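Residue strings, one per chain:
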Amino acid sequence: VFFQNFVPSFGKETVRTTAVTPQFEQNMDYVDFIHLNILEKKVLNNSEVSVQYLCSKPCIVNLEAVASSEFRTGVPVYRRRWKDEKNLYISRTRQVHLKFPSIMVYRDDYIIRNSIIVHSVILYAWISHKSVSSYDVEQNEDYQNAVAKNYTFLEAVPPFERPFKDHKVCLQWGADYLWMLQANRIPQCPHESDGVQILNFIYASSGEKTGIVKKFEQFENRELETVRQHQIDYPMFTVSIWLYLLHHCEKDLCGILYFIDPKEMYSTPAVFLNEEGYVHIQMHLMRGGDLAVKTSFSLPLKQWFRLDLSFKGGQVEVSSVGKNLKRHHHQSFTFREDFYYDDTAGYFVVGGSGYVNGIEAFFGPVKYYRLNVLETEQISNPLHDKETVEQIELYYERCMDIQEIVYEYRYIVRQGEKVQRNCYCESYYLELIHKYGEKSKCDAFMWGKELREKYHTLFKLLQEMDFSAPDVLEDGSDAVLEVGQRIFEKVAKSLSSADGLSNMGYSVPFLVDSSCCGYHKASYFLAVIFETGLGVSVDRTKGLLYSLVGAQGNERLAVMNLGYKHYQGINNYPVDLELSYAYYSNIATKTSLDQHTIKGEQAFVETIRLMDDELLKAQTKENGDVFMWLKHEASRGNAAAQQRLAQMLFWGQQGVAKNPEAAIEWYAKGAIETEDPVLIYDYAIVLFKGQGVKKNTKLALELMKKAAAKGLPQAVNGLGWYYHNFKKDYRKAAEHWLIAEELGNPDASYNLGVLYLDGIHPGVPGRNQTVAARYFYKAAQGGHIEGTLRCSLYYITGNMEDFPRDPEKAVIWAKHIAEKNGYLGHVIRKALNAYLELSWHEALLHYVLAAETGIEVSQSNLAHICEERPDLARKYLATDCVWRYYNFSVSQVNAPSFAYLKMGDFYYYGYQNQSKDLELSIRMYAQAALEGDSQGFFNLAVVMEEGNSIPSYILDHLEIDQALHSSNTSLLQELYYRCWNNSNQESISPCSLALLYFYMRVFWNNILQSTLIYFMGTFLLSILVAFAVQYFQSLSARNSPGTRSEPSSDEPSSSGNSNEDATRLVQPDESTFSNDLAQQDSNLQNPLVMS
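Residues numbered from 1 in each chain as written. Predicted model: local features only at pLDDT ≥ 70, side-chain atom pairs only at ≥ 80, totals over all residues. Heavy atoms only, no water.

A. View of the overall build of the chain. Across its full length, the chain carries 40 helices and 20 strands. Summarising the internal contacts of the chain: among those between residues at least 6 apart in sequence, 66% fall at separations of at least 24. Per element, the accessible surface of the chain, about 55300 Å² overall, is 51% carbon and sulfur. (Helix = DSSP H or I, 4+ residues; strand = E, 2+ residues; numbered from the N terminus. Contact = heavy atoms within 4.5 Å. Areas by Shrake-Rupley, 256 points an atom, 1.4 Å probe, with all protein chains shown as cover.)

Shown next, in the form of structure tokens:
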């Protein structure tokens, strides 16, 4: 009854609920005592308590339970007292059954509507002596004045773990009826746990400003959600993180795991790593501001360990645990502050973000307990993939040896060269010997035999290298990387030769050495080789190892490979959209920077399909006919030719190698000699930025104004950019951007968004993220790279009102930008050039490398090569190339229709070891039809013609009204019509012929099935019967008795033909009358009818 009158109060612990170790006085004259013994210290109804006590005088024994709930603290919920006047100086024991209010010990039901959450219950017991002076005097029996006292804590049971109460009451008729109606409709609390597996697979963190974004939702379970809300000012949670740390933070702090609130500020918890390897922990306070601490122990490098953190109010526990689950370090921090903690008002980040770099490490499983504080032994967060974990450790142990050998070998050779130079005077002869003679090498190894045998391929390569070359740097780490690059280039050249793939087994050890030297293009090569079985046996574990190593080393293709695998769930990689986004956003962020970097092996990513003969003919090189013709036209002053030539050279398009310096010459020539606004604008931009040419802001501004005066939208945007960056005149910048935005320039939309985001838009006070986000979205719709990246971030965090959280859309947008990366374009270009030159081994190698990153055009092109050269695919690829990559292709958002048709045929007819699947085949054809391919509609019609039906959900997907097209004829007509409508209507196509043939069949069947035909058939049949009757009558008259008929010698006898004629007349009567007009004509050709 008392609990129903609770007044909400958010007080926390008081003096009465503070745990204090009981101190008992030991005095021979003071023998009173009281002890409490409880078998199960939980708040349960009818719990049994054993009270042992001794009274030296007549006494009163008191028992009281005080509870603290989410509303109030220190509330008495149970009281019991009894007197003992006779049994003095005798220890007695009494069993007491505790009874608590139902809302404390039972779950909600039809009668108990609002059970409460109890934080703590304290059971007090004390003895007070009875006054012997007067029984009328009021006794002071409170706990503070007791002669003996004791207390114990009872553990509260969460509401969702409590039993239902057996009320043992009969409801009134109306209430009973309502109960029967609603008993089965009472919503049951869903099975829900506060433990969240943030990460369940190894994540390679390269130290960039990208990471895994996770967002917690409110609990569906009402009891759990209530607990969560009441822990906002008293956080109780535990987080456990497995790590394999490669380096400490280079500068400032690096992110491990932290929470970002809707205002884009750090909140509780925020865990970082500093330069010295110490853990930096930051909390947000209820009163505002932040509080941070640093551990006294540093985290170990290159070994797996688990970092455990727990928060309980103002107490923070930090532990470091090894692989054997033994604690290495532990530290505790206690604060007299209230921390603010709301894990749903924002999002968590594992690794890096736009605000901080991530750590350089491999993350293992990450487990988060949202409502519980657990000890190290209680945490359930095992390190699952033990084989990969061990492979990572072995890889870095091996690489430490290799890097040490390379560094020392190079140092010895360089020192030997210096000694030789000091011994001889410099002369022209010695210069020639040094230039053309045998290079210095170290024959007298200082390493032991065991080490030389273990790394024999490395020592062989080192002896063949020239360490006197100027491109080998003095810095040790750069020199090791340079050796790795040289090893890789040598292997790549060998693999690209005529029979290069046949040497794959020989090349793998060299690629491993190159990878260990830090050159992670080799790591990606190894990942693809082992995952696809390219010239070797398939080894998924090694494939995963080198994918992770390459991604951690920031190799762009390796990062994209992991992003794609986690997006699609390929090769037993778990589908994890947040993890996929972490990888894709890393490369998407680099794409914009890479495009404006002159150095590096880059090319423009072009969608060129090997089935498209026209596009293949347009490919050229610097000595190709197309390029030479463009150069000739450009030299004559053709502005269009100059523009196209400059673009090809600047971006590396259409098979031409990237050459920014040559491109700028054509930009300058075109801008000066012609009035073409695009050339003027392009030249102004390179002058502004100093890309391949000396900066000239004055000339660049003149050219930009000239191009803008001609109405070029990007030039108007360029003027706004000038006023923003050079003059800091935001008013003029905004004016130009508004004009350019109205002209449809996406750069201007993005720039306006930046003004609103930074809070510097003229006339608009403060930041306005909502308006900024709308401008970014508009820019993204126009293909703007940074705008698309901003929108993908909004979709993954869900922090913007106009962008509800959608991880899949975030991945798709980030993937779209990542696949524009120039380094990927270079690999695709090498594959295409090799294909055009009929260098099949090189083409297969590079198309496999590109296809495994997840870019669709390379996947369908690789499948095409495998169809074109099945002997090559069978010999060097362990996987079914055609099936695998067409399957990958149709799983993409931008899959081409011909890939759907291919997979549809495979499912319809069966492909090698793959079984037939009619429904999947129809789905593939339907998807091709939705892409606007007439062949898709044609194939669906053919499937129906062969007696199969199309499922209703596919017809709905095709937007075909089943009520209007209920019959097969009507549905076929609709499919053939759509086939014709989506084909080239100006020429005769298979669809037009199929539609014409269908209409002819319908018309013919309608004629044959009409009433007129039946009438004419009946009429002809009756005429034939009449002629037959007349014939037999005449025949019987000639042969009647008394009449002799002698055939004359000059008349032919009719007896020989009469049976034949009669037979012909009987035929139509004995057989079914056919609908075939040809058969009717043959039956009517009778001698009697014709005569």
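B. Structural detail: helix α22 (residues 746–758). Between the first and last C-alpha of α22 there are 19 Å, a value that for 13 residues agrees with the 18 Å anticipated at 1.5 Å per step. In terms of burial, α22 is a largely internal element, ten of the 13 residues being buried. For α22, the set of buried residues is Ala 748, Ser 749, Tyr 750, Asn 751, Leu 752, Gly 753, Val 754, Leu 755, Tyr 756 and Leu 757. At its buried positions, α22 is contacted by α20 (713–725), α21 (730–742), α23 (769–781) and α24 (785–797). Taking the backbone nitrogen of Asp 747 as reference, a side-chain oxygen 3.2 Å away marks Asn 745 as the first, capping residue of α22. Immediately downstream of α22, the backbone of Gly 759 shows phi near 70 degrees, a positive value. (Expected span 1.5 Å × (residues − 1). Buried < 20%, exposed > 50% of the residue type's maximum accessible area, 1.4 Å probe, protein only. Polar contact = N/O pair within 3.5 Å; in protein donor to acceptor, adjacent residues only side chain to side chain.)

C. The pairing of strand β14 (residues 278–284), seen in detail. Counting buried positions along β14 yields five of seven residues, so the element is predominantly enclosed. Where strand β13 (residues 266–274) lies against β14, four bridges are found, and the strand directions are antiparallel. By the bridge assignment for β14, Ala 270 is matched with Gln 282. The turn linking β13 back onto β14 is made up of three residues, and Gly 277 within it adopts a positive phi angle of 90 degrees. Strand direction decides the pairing type here: β14 and strand β15 (residues 290–298), joined by six bridges, are antiparallel. Among the inter-strand pairings, His 280 is bridged to a residue of β15, identified as Lys 294. The turn linking β14 back onto β15 is made up of five residues, and Gly 288 within it adopts a positive phi angle of 95 degrees. (Pairing = 2+ DSSP bridges.)

D. Spatial organisation of the state of the cysteines. Scanning the entire structure with this criterion turns up five disulfides. Each sulfur in the disulfide pair Cys 55 and Cys 59 lies 2.0 Å from the other. Here the S-S torsion is close to 80 degrees, and the disulfide linking Cys 55 with Cys 59 is therefore right-handed. When sorted by exposure, Cys 55 lands in the same class as Cys 59, which is buried. Residue Cys 399 pairs covalently with Cys 516 via a disulfide, S to S 2.1 Å. Its S-S torsion of about -65 degrees marks the bond between Cys 399 and Cys 516 as left-handed, since a negative value means left-handed. Taken together, the residues span a long stretch of sequence, with Cys 399 in helix α4 (residues 386–423) and Cys 516 in helix α9 (residues 504–516) at a distance of 117 residues. Cys 516 carries the same exposure label as Cys 399, and that label is buried. Cys 517 carries a free sulfur, and the closest cysteine sulfur to it, the one in Cys 516, is 7.1 Å from it. With a relative accessible area of 4%, Cys 517 lands in the buried category. (Disulfide = S-S within 2.5 Å.)

E. Structural context of the packing of aromatic side chains. A complete count under the given rule lists 55 aromatic pairs for this structure. On the numbers, 6.1 Å between centres and 55 degrees between planes, the contact of Phe 998 with Tyr 999 is tilted. By relative accessible area, Phe 998 is classed as buried at 4%. The class for Tyr 999 is partly exposed, based on a relative accessible area of 38%. Each residue in the set Phe 216, Phe 237, Phe 259, Phe 311, Tyr 341, Phe 348 and Tyr 368 is aromatic and connected to the rest through ring pairs, giving one cluster. The ring of Trp 82 carries Arg 94 above its face, with NZ or CZ at 4.6 Å from the centroid. The ring of Tyr 143 has Lys 149 sitting right over it, with the charged end atom 5.1 Å from the ring centre. (Phe/Tyr/Trp six-rings, centres within 6.5 Å; stacked < 30°, edge-to-face > 60°. Lys NZ or Arg CZ within 6 Å of the ring centre and 35° of its normal.)

F. Geometry of the sheet that holds strand β3 (residues 59–69). Taken in spatial order, the four strands of this open sheet run β4-β3-β6-β7, and their pairing is antiparallel. Edge strands, defined here as strands with exactly one partner in the open sheet, are β4 (75–84) and β7 (148–154). The mean inter-strand angle of the sheet, taken between neighbouring strand axes irrespective of direction, is 15 degrees. Sheet analysis places β3 next to β4, joined by nine bridges and oriented antiparallel. Along β4, the bridge assignment pairs Glu 64 with Arg 79. (Axes fitted to C-alpha atoms, helices over the stretch in contact; angles between N-to-C directions.)

G. The arrangement of unusual backbone geometry in detail. Cis geometry is found at the peptide bond from Thr 268 to Pro 269, where omega equals -5 degrees. Among the structural elements, Pro 269 can be located in strand β13. Look at Glu 264: it is not a glycine, yet its phi comes out positive at around 60 degrees. Looking at the secondary structure, you find Glu 264 in the loop between β12 (253–260) and β13. With a phi close to 50 degrees, Lys 302 is a non-glycine residue in the positive phi region. Within the secondary structure, Lys 302 is located in the loop between β15 and β16 (304–312). The exposure class of Lys 302 is partly exposed, given its relative accessible area of 34%.

H. Summary view of the pattern of salt bridges. Within this structure, the stated rule accounts for 30 salt bridges. Glu 741 serves as the salt-bridge partner of Lys 778, at 2.6 Å between the closest nitrogen and oxygen. Note that Lys 778 is positioned in helix α23 and Glu 741 in helix α21, a separation of 37 residues in sequence. Between Arg 884 and Glu 852 there is a salt bridge, with the nearest N and O atoms lying 3.1 Å from each other. In this pair, Arg 884 is assigned in helix α30 (residues 881–890) and Glu 852 in the loop between α27 (840–851) and α28 (856–868), connecting sequence segments 32 residues apart. Summarising the burial analysis for this pair, Arg 884 and Glu 852 share the class buried. Through salt bridges with shared partners, a single network forms among Glu 225, Arg 228, Asp 342, Asp 343 and Arg 370. (Salt bridge = Lys/Arg side-chain N within 4 Å of Asp/Glu carboxyl O.)

I. Structural detail: the sheet that holds strand β2 (residues 47–54). Spatially, β1-β2-β5 is the arrangement adopted by the three strands of the open sheet, whose pairing is antiparallel. In the strand order of this sheet, the two ends are held by β1 (33–38) and β5 (92–98), each with one partner. Each strand of the sheet is rotated relative to its neighbour by a mean of 25 degrees, with strand direction disregarded. In terms of strand pairing, β2 meets β5 through seven bridges, oriented antiparallel. The partner of Ser 47 across the bridge, within β5, is Leu 98.

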